[in-house]
Amino acid sequence: MNWQKLDRNETAKIIQRVSSTPDGALFSITTSEATAAHLPFYQGFMLVRLTNYATLPSFTLDFLSDGNSFYLLDGSPDPLQKIAARGALNLNERNVVEYVDFFFKHVTTEEGDIYLIRDVDDMPFMDSLSLDQQLHIRRAHSDIGVAYNRADDSFAVSADLYFAGVLLKATLMVAPDGQIEVTNHSMLMSENTTSGANTGLR
């Protein structure tokens, strides 16, 4: 993601606008920095990050914003749903994977965090596995596939996921409003190469 640092005037305006949000009062123009990044699946909205460098470690909040409204990314799907309701979500076959990745990075499900595996080498625990386990994963890993359903304007994304200590192959059904349902999931690693933990996904 390409972040662009905002100037002090823009940073001051953002701090003023988010001061009423949870933890928004912790930012000041003297100790904070604002950056912004373009998101290809949103029209008119950007990802805005405020970082307070006066704390150790530094403290960060992320927002989705059109310059006037600021929606705090708090781990719930609410901010994404509100933006979709405003008609700003524009999914297509070129950006739906980016959206799924963004969704899982900023929304925590009832069962826990889900990670989209786009590159095997970027998996959280890869270095802790034996060489045989790493080889098994590399052989079993598949590139992400996308299929568009014209009937209901949805997308089926076939991908590998990391969830609750288990690697899965799954189909992600992405609705036009951005809601995601995990279906057809099966273990990517066999019982003798993983702990076999219960995924909790239905």
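Residues numbered from 1 in each chain as written. Predicted model: local features only at pLDDT ≥ 70, side-chain atom pairs only at ≥ 80, totals over all residues. Heavy atoms only, no water.

**Q** Help me get a handle on the overall build of the chain, residues and values and all.
**A** Secondary structure summary: the chain contains four helices and 10 strands in total. Seen in sequence order, the chain has helices and strands lined up from the N terminus as β-α-β-β-β-β-α-α-β-α-β-β-β-β. Overall, the chain is about 55 × 45 × 25 Å in size when its C-alpha atoms are taken along their principal axes. Put simply, the chain has 202 residues, and 43% of those count as buried. Sequence-distant contacts in the chain: of pairs separated by 6 or more residues, those separated by 24 or more amount to 46%. Accessible surface computed for the chain: about 11,200 Å², of which carbon and sulfur atoms make up 46%. Charged side chains of the chain number 15 positive and 26 negative; the gap between the two group centres comes to 6 Å. (Helix = DSSP H or I, 4+ residues; strand = E, 2+ residues; numbered from the N terminus. Buried < 20%, exposed > 50% of the residue type's maximum accessible area, 1.4 Å probe, protein only. Contact = heavy atoms within 4.5 Å. Areas by Shrake-Rupley, 256 points an atom, 1.4 Å probe, with all protein chains shown as cover. Lys, Arg positive; Asp, Glu negative; His and termini not counted. Charge placed at Lys NZ, Arg CZ, Asp CG, Glu CD.)

**Q** If you had to explain the confidence of the model for the chain to someone new, which residues and values would you point to?
**A** This prediction gives the chain a mean pLDDT of 88; 93% of its residues lie at or above 70. Every residue in residues 190–202 scores below 50 in pLDDT, and together they form 28 contacts with partners more than four places removed in sequence or on other chains. (pLDDT = per-residue confidence, 0-100.)

**Q** Quick rundown of the nonpolar core? Include the residues and the values.
**A** Grouped together as the largest cluster of nonpolar side chains are 36 residues, with contacts concentrated most on Tyr42, Leu64, Tyr99 and Phe104. Secondary structure elements with two or more residues in this core: helix H2 (78–85), helix H3 (96–106), strand S6 (114–117), strand S8 (154–163), strand S9 (166–174) and strand S10 (180–187). Tallying contributions element by element places H3 first for this core, with seven residues. Ignoring anything within four residues of it in the chain, the contact list for Leu64 reads Leu39, Tyr42, Phe45, Met46, Leu47, Ser69, Phe70, Tyr71, Leu73, Leu80, Ile83 and Phe102. By size, the runner-up hydrophobic cluster in this structure holds 12 residues, among which are Ala36, Leu50, Phe63 and Phe70. (Core = buried A, V, L, I, M, F, W, Y, C linked by side-chain atoms within 4.5 Å.)

**Q** So what's going on with the environment of Lys5? Which residues, and what values?
**A** Assignment of secondary structure puts Lys5 in strand S1 (residues 3–5). Sequence separation of Lys5 and Asp62 is 57 residues, and the distance between their C-alpha atoms is 14 Å. Setting aside residues no more than four positions away along its own chain, Lys5 makes contact with Glu33, Ala34 and Thr35.

**Q** How would you explain the sheet that holds strand S5 (residues 70–72) if you had to name every residue and give the values?
**A** Ordered in space as S1-S2-S3-S4-S5, the five strands form an open sheet in which the pairing is antiparallel. In this open sheet, the two strands that pair with only one neighbour each are S1 and S5. Put simply, the sheet's adjacent strands are angled 35 degrees from each other on average, direction ignored. Across three bridges, S1 lies against strand S2 (residues 32–38) in antiparallel orientation. The partner of Gln4 across the bridge, within S2, is Ala36. Running over the sheet, helix H1 (residues 8–18) touches S2, strand S3 (46–52), strand S4 (59–65) and S5 and is turned about 95 degrees from S2. (Pairing = 2+ DSSP bridges. Axes fitted to C-alpha atoms, helices over the stretch in contact; angles between N-to-C directions.)

**Q** Now, about H3: what can you tell me, with residues and values included?
**A** Residues three or four positions apart in an α-helix share a direction because the helix packs 3.6 residues into each turn. Most of H3 is tucked away: nine of the 11 residues are buried. The set of residues buried in H3 consists of Val96, Val97, Tyr99, Val100, Asp101, Phe102, Phe103, Phe104 and His106.

**Q** I'd love a proper account of the packing of aromatic side chains, names of residues and values included.
**A** Within the structure shown, the criterion is met by 11 aromatic pairs. Between the aromatic rings of Phe41 and Tyr42, the centroid separation amounts to 5.0 Å while the plane-to-plane angle is 65 degrees, which identifies the pairing as edge-to-face. Judged by its relative accessible area of 4%, Tyr42 falls in the buried class. Measuring from centroid to centroid gives 5.5 Å for Phe41 and Phe102, while their planes differ by 55 degrees, and the two rings are tilted. Taken as a pair, Phe41 in the loop between S2 and S3 and Phe102 in helix H3 lie far apart in primary sequence, 61 residues in all. Classification of Phe41 by relative accessible area gives buried; the value is 2%. With relative accessibility at 3%, the residue Phe102 sits in the buried group. (Phe/Tyr/Trp six-rings, centres within 6.5 Å; stacked < 30°, edge-to-face > 60°.)

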